[in-house]
Amino acid sequence: MKLTDSVLRSFRVAKVFRENSDKINCFDFSPNGETVISSSDDDSIVLYDCQEGKPKRTLYSKKYGVDLIRYTHAANTVVYSSNKIDDTIRYLSLHDNKYIRYFPGHSKRVVALSMSPVDDTFISGSLDKTIRLWDLRSPNCQGLMHLQGKPVCSFDPEGLIFAAGVNSEMVKLYDLRSFDKGPFATFKMQYDRTCEWTGLKFSNDGKLILISTNGSFIRLIDAFKGVVMHTFGGYANSKAVTLEASFTPDSQFIMIGSEDGKIHVWNGESGIKVAVLDGKHTGPITCLQFNPKFMTFASACSNMVCKQ
């Protein structure tokens, strides 16, 4: 089935999960789309079965907290950042709930974490104004970039380059094999002092970059030329909440939640808003992602909601 404007308008809430007592700060679908894992400010990690539509397991990270959870390529393993005690990144086996490795280095909160789509490399960005490059097999940082401000960062879909959004005004593209030579491209955006950049994602076809903010707009830019193609707005975010924006897997549509529990969807090519869906949320929709393989998507406040 192909995603079209009318198909997107037809999405309805299929399931609401109330497993958490505090905000869900992040979730990630497994590459095969069969499970989704969430991290929450209540220090819990919840694993959901997407096919059966129910929570499978709950683990806790009471001591360090848990944020920015990401599946790795190995079955049943995740990396996540800490939001208590220190700023170490942790590599956890879900199978036996044991840490495989720690990645110390950042001196302030980690605000971006991106796993390579092709291997065991991952990158992290922190309020200490650095981006670090890691390999899951080693606790030692494999590369370090000092920047002028807070970074957001992400790998491209082929795992060959990564993009860093710096100081909420420029996007820098780095070649993974020669990142120490500096960026091979830098795109300067118009600075908007009313908000900060909170996330950066590539579309699956690698042609677009989506920049999310804690304001009431998101930007779609051409990944090759750095030109702003569209600025999407008209959704509620008066309290400067970090709202996750996402592409659909076919790279055609862009979605974001809002503080009033609605989900806004735009056509990436035309820039036209094609749908506003009722997410049935009690609070701001801080997380939103489309399933990579199945015709469902999930959104979260303190509740996880699955739509199809």
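These numbers come from a predicted model, not from an experiment. (Residues numbered from 1 in each chain as written. Predicted model: local features only at pLDDT ≥ 70, side-chain atom pairs only at ≥ 80, totals over all residues. Heavy atoms only, no water.)

Draft legend 1. Summary view of the overall build of the protein chain. Within the protein chain, the secondary structure is distributed over one helix and 28 strands. Principal axes of the C-alpha set define a box for the protein chain whose edges measure 45 × 45 × 35 Å. If you take every contact in the protein chain between residues at least 6 apart in sequence, the share linking residues at least 24 apart comes to 42%. (Helix = DSSP H or I, 4+ residues; strand = E, 2+ residues; numbered from the N terminus. Contact = heavy atoms within 4.5 Å.)

Draft legend 2. The arrangement of the pairing of strand 9 (residues 98–103) in detail. As judged from the five bridges shared by strand 8 (residues 89–93) and strand 9, these two strands associate in the antiparallel manner. Looking across to strand 9, one finds that Tyr91 is bridged to Arg101. Between strand 8 and strand 9, which pair antiparallel and follow one another directly, the connecting turn spans four residues, one of which, Asn97, has a positive phi of 55 degrees. (Pairing = 2+ DSSP bridges.)

Draft legend 3. Spatial organisation of the UniProt feature "repeat: WD" (unreviewed entry) in the protein chain. The UniProt record annotates "repeat: WD" (unreviewed entry) at residues 17–58, 103–138 and 235–276. Helix makes up 0% of residues 17–58 and strand 57%, and the two end C-alpha atoms of the span are 13 Å apart. Taken end to end, residues 103–138 is 0% helix and 56% strand, and its two terminal C-alpha atoms sit 8 Å from one another. (UniProt positions renumbered as here; feature names shortened; annotations may be inferred.)

Draft legend 4. Inspection of the sheet that holds strand 14 (residues 151–155) at higher detail. A sheet is described by the order of its strands in space; here four strands give the open sequence 14-15-16-17, paired in antiparallel fashion. Looking at strand neighbours, the two that pair on one side only are strand 14 and strand 17 (185–188), the edges of this open sheet. Direction aside, neighbouring strands of the sheet carry axes that sit 15 degrees apart on average. The pairing of strand 15 (residues 161–166) with strand 16 (residues 170–175) spans six bridges and is classified as antiparallel. By the bridge assignment, Ala163 is partnered in strand 16 with Leu173. (Axes fitted to C-alpha atoms, helices over the stretch in contact; angles between N-to-C directions.)

Draft legend 5. Main features of the pattern of salt bridges. Evaluation of the coordinates by the stated rule reveals ten salt bridges. In this structure, the salt-bridge partner of Glu52 is Lys54, at a minimum N-O distance of 3.1 Å. Where Asp135 meets Arg137, a salt bridge forms, and the shortest distance between an N and an O atom there is 2.7 Å. You can call Asp135 buried: its relative accessible area is 14%. (Salt bridge = Lys/Arg side-chain N within 4 Å of Asp/Glu carboxyl O. Buried < 20%, exposed > 50% of the residue type's maximum accessible area, 1.4 Å probe, protein only.)

Draft legend 6. Structural view of the pairing of strand 4 (residues 44–49). Burial analysis of strand 4 places six of its six residues in the buried class, which makes it a mostly covered element. Residues Ser44, Val46 and Tyr48 point to one face of strand 4 and Ile45, Leu47 and Asp49 to the other, with burial holding for every one of them. The sheet contact formed by strand 3 (residues 35–40) and strand 4 spans five bridges and is antiparallel. Note on strand 4: the bridge partner recorded for Ile37 is Leu47. Counted between consecutive antiparallel strands, the loop separating strand 3 from strand 4 contains three residues, among which Asp43 sits at a positive phi close to 75 degrees.

Draft legend 7. Local environment of the packing of aromatic side chains. All chains considered together, the criterion is met by 15 aromatic pairs. With a centroid separation of 6.5 Å and 55 degrees between ring planes, the pair formed by Tyr80 and Tyr99 is classed as tilted. With Tyr80 in strand 7 (residues 77–81) and Tyr99 in strand 9, this pair connects stretches of sequence that are 19 residues apart. A relative accessible area of 1% means that Tyr80 is categorised as buried. Aromatic side chains Tyr235 and Trp266 sit 6.1 Å apart centroid to centroid with 70 degrees between the ring planes, which places their arrangement in the edge-to-face category. Of this pair, Tyr235 sits in the loop between strand 21 (228–233) and strand 22 (245–247) while Trp266 is found in strand 24 (residues 262–267), placing the two residues 31 residues apart along the sequence. Each member of the aromatic cluster is reached from another via a ring pair, and the members are Tyr91, Phe103, Phe122 and Trp134. One residue, Arg90, lies across the ring of Tyr99, its end atom 6.0 Å from the ring centre. (Phe/Tyr/Trp six-rings, centres within 6.5 Å; stacked < 30°, edge-to-face > 60°. Lys NZ or Arg CZ within 6 Å of the ring centre and 35° of its normal.)

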